[in-house]
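# Examining the three-dimensional arrangement
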Amino acid sequence: MAAVSLRLGDLVWGKLGRYPPWPGKIVNPPKDLKKPRGKKCFFVKFFGTEDHAWIKVEQLKPYHAHKEEMIKINKGKRFQQAVDAVEEFLRRAKGKDQTSSHTSADDKNRRNSSEERSRPNSGDEKRKLSLSEGKVKKNMGEGKKRVTSGSTERGSKCLKRAQEQSPRKRGRPPKDEKDLTIPESSTVKGMMAGPMAAFKWQPTASEPVKDADPHFHHFLLSQTEKPAVCYQAITKKLKICEEETGSTSIQAADSTAVNGSITPTDKKIGFLGLGLMGSGIVSNLLKMGHTVTVWNRTAEKCDLFIQEGARLGRTPAEVVSTCDITFACVSDPKAAKDLVLGPSGVLQGIRPGKCYVDMSTVDADTVTELAQVIVSRGGRFLEAPVSGNQQLSNDGMLVILAAGDRGLYEDCSSCFQAMGKTSFFLGEVGNAAKMMLIVNMVQGSFMATIAEGLTLAQVTGQSQQTLLDILNQGQLASIFLDQKCQNILQGNFKPDFYLKYIQKDLRLAIALGDAVNHPTPMAAAANEVYKRAKALDQSDNDMSAVYRAYIH
C-alpha cells in the first residue's frame, strides 16, 4: 500500500468507523487536547459541520485525488453542502494567492522605482562608480539597503494605521474565523502529490464504535477494555473521553446537525408499535432515507406512515420475516411478551440471522426471556429502551440505552442516529432495562416532588408562578422542570409521557430494588401518589397530571 504523505493544512477525506468519508482539513489541535496514544493520526476539522476529530492516518485520503470517487458514492444533501464548502474554501485560497502575487509584483515595481531614484546621476559620481567594481557593488548594496529600510518603514506605518483603524482588539481571532485559515498555495498544490492509486480504506468491522460518526454520541460500557486517557472537552467541538468506569463517549455539541448527515443502512427495517414514541421514531427513520415496514395493533395508525413511504406489514411475523432488523416499542411487559410469543407474533418470523430490537421499557426478567427465545431460533437480540418523551421522539433527540448483541448495536447505528441524539451500550441483556427503570424512577419521583411543591405554595398563599421563576434561576433549572410546571399552571395535561406508564416504571423500579434488598422509599411514596392520580382517572393524561392527586 502506498504511503500517505500528509501535513498540516492539507485537505483530506477522513473516515470514521462504519460511516462515509467526509471532507476536512488537517489543523492544529487546541493546546489542551493531547494526541491519542498508538497509531499516527491527525487532527481534522470537518467541512459543513462544527466537528473536529483525531483521525488515524490510514483513514485519511488526499481531497483532490479522490474527489470524484467520493462524490460518486455519496449523494446526501449535507455531504454535498460539505463539498461545496470545500470548493468555496479553495476559491478563497486561490483568490488569496492571486492577491499575494499582485502585491508582490507591486512591491517589486516600487523597489525598482526607488532604485532608479536613488541611482547617482552626476558625472563625478559616475566616474567614482567606474573606478572600482568593488565600490560599485558596495554602493549598490547600500542603495538596496536604503530601499529595504524605506519599504519596511512604510510597511510599519501602514500596519500601524490599519491597527488604529480596526476596532478589533489584539489577541485571539474571533471564534467564527479561528478555523478558516487558508493554507498557502504550495500546500494546496501539495495535496495533489503522492501515488494514491493503491490506497484503500482499512477494514472497520472490528473497530469499536468510539471511532464512528463524529455527529452522533456513542457511550460504550465494556468490562474488557481498560481505560486510557481523558481529554479535555472542546467547546462546540468534538469531545472524546474515556473515564475510569470504562465508558467511552464520542460527543458532538451540535446535535441538530446529526440527522442531516446520516447515511441510511441498506438493511430493511421493520417497526412494530406506533404509539407516542414509536410514531416519532418511524417518522425520523423515513425522513433519513431508511426503508421501513410498519405494523400496529390499530391498523389505522399506519396510514400516515404509508403516505410518507413506509410499507405495511399485516402481522408482526410478516414484518420480521421480510425485514433484516425489526424494532418494537410497546407499553409494558405483557404487551412485549404478547408481541413476541402471541399468534402471528415476532417469534414465528424469526429465522437465523434475523434481528430483533425491543425498545419497550420493561423489567430485566422480561427482556431476558425474550432474548432467550429469539436467540434459540437463531435470531439476534438487542434491548434498546429510550429515554425521552413525545416531543423528543418527534425531534429525533431521544437517549437510547442498549444492551445485548454488540454487533447488532453497531448495525443499528444509522437508525439510532435518526431517532436519537445519544446512544449508550451497556453490556449484557438486562442492563439497559435496569438502567431505564432507574432513570424513570428518578424522573417520576422528581415530577411528584414538583407537584407537591406547587400545591404547597398554593395553600400557603405563595405564587406558583414566582416559585417556578425562582426554580428556573437556580440549580434545578431544566427544560423538564419548566415544561411540567407550565403544564400545571396552564391546566394542560395533554400527554407527552403517559402518567400510567411512569407509574408502571416506578412499580418496576421498586420491584428491582426489592429483588436486591435495596430500599426505595422515595420511589414508593411517589408511586402511591401516581396510583391516586390514576384512581382520579388521570392515567391517559401527561405525568404532570399527578398534580391533581394533591388537590383532590
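The name an unreviewed UniProt entry gives the protein is Cytokine-like nuclear factor N-PAC, with Cricetulus griseus as the organism. Per its UniProt entry, the protein bears the Subunit (unreviewed entry) comment "Homotetramere. Interacts with MAPK14. Interacts with KDM1B at nucleosomes; this interaction stimulates H3K4me1 and H3K4me2 demethylation. Binds to mononucleosomes. Interacts with GATA4; the interaction is required for a synergistic activation of GATA4 target genes transcription." Turning to the protein, the UniProt record has this under Sequence similarities (unreviewed entry): "Belongs to the HIBADH-related family. NP60 subfamily."

### Description of the environment of Lys-494
As for its placement among the helices and strands, Lys-494 is situated in the loop between α17 (479-490) and α18 (499-515). Taking the C-alpha atoms as reference, Lys-494 lies 9.4 Å from Met-543; in sequence the two are 49 residues apart.

### Description of the nonpolar core
Of all hydrophobic cores here, the largest spans 35 residues; its most connected members are Phe-271, Phe-327, Met-359 and Phe-416. Elements with a minimum of two residues in this core: β9 (269-272), α6 (276-287), β10 (292-295), β12 (325-328), β13 (355-358), β16 (398-404), α13 (406-411) and α14 (413-419). The leading source of residues in this core is α6, at five residues. In this structure, Phe-480, Cys-485, Leu-506 and Ala-509 belong to the second largest nonpolar core, which totals 30 residues.

### Looking at the side chain of Lys-484
Within the fold, Lys-484 resides in helix α17. For Lys-484, a relative accessible area of 3% gives the class buried. Beyond its immediate chain neighbours, meaning those up to four positions away, Lys-484 contacts Met-447, Asp-496, Asp-542, Met-543 and Ser-544.

Thresholds, definitions, all that
- Each chain carries its own residue numbering, running from 1 in the direction its sequence is written.
- The model is predicted, so local features are restricted to residues of pLDDT at least 70 and side-chain atom pairs to those at 80 or more, both for listing and for counting; the totals for chains, interfaces and linings are taken over all residues.
- To obtain the side-chain values, all non-hydrogen atoms of the structure were included, while hydrogens and water were left out.
- UniProt positions are given in the numbering used here, feature names are shortened, and annotations may be inferred rather than shown by experiment.
- Counting from the N terminus, the helices are DSSP H or I runs at least four residues long and the strands are E runs at least two residues long.
- In plain words, nonpolar cores are sets of buried Ala, Val, Leu, Ile, Met, Phe, Trp, Tyr and Cys residues tied together by side-chain atoms within 4.5 Å.
- We call a residue buried when its accessible area falls under 20% of the maximum for its residue type, exposed when it is over 50%, and partly exposed in between, using a 1.4 Å probe and counting protein chains only.
- Every residue pair with non-hydrogen atoms within 4.5 Å of one another is taken to be in contact.

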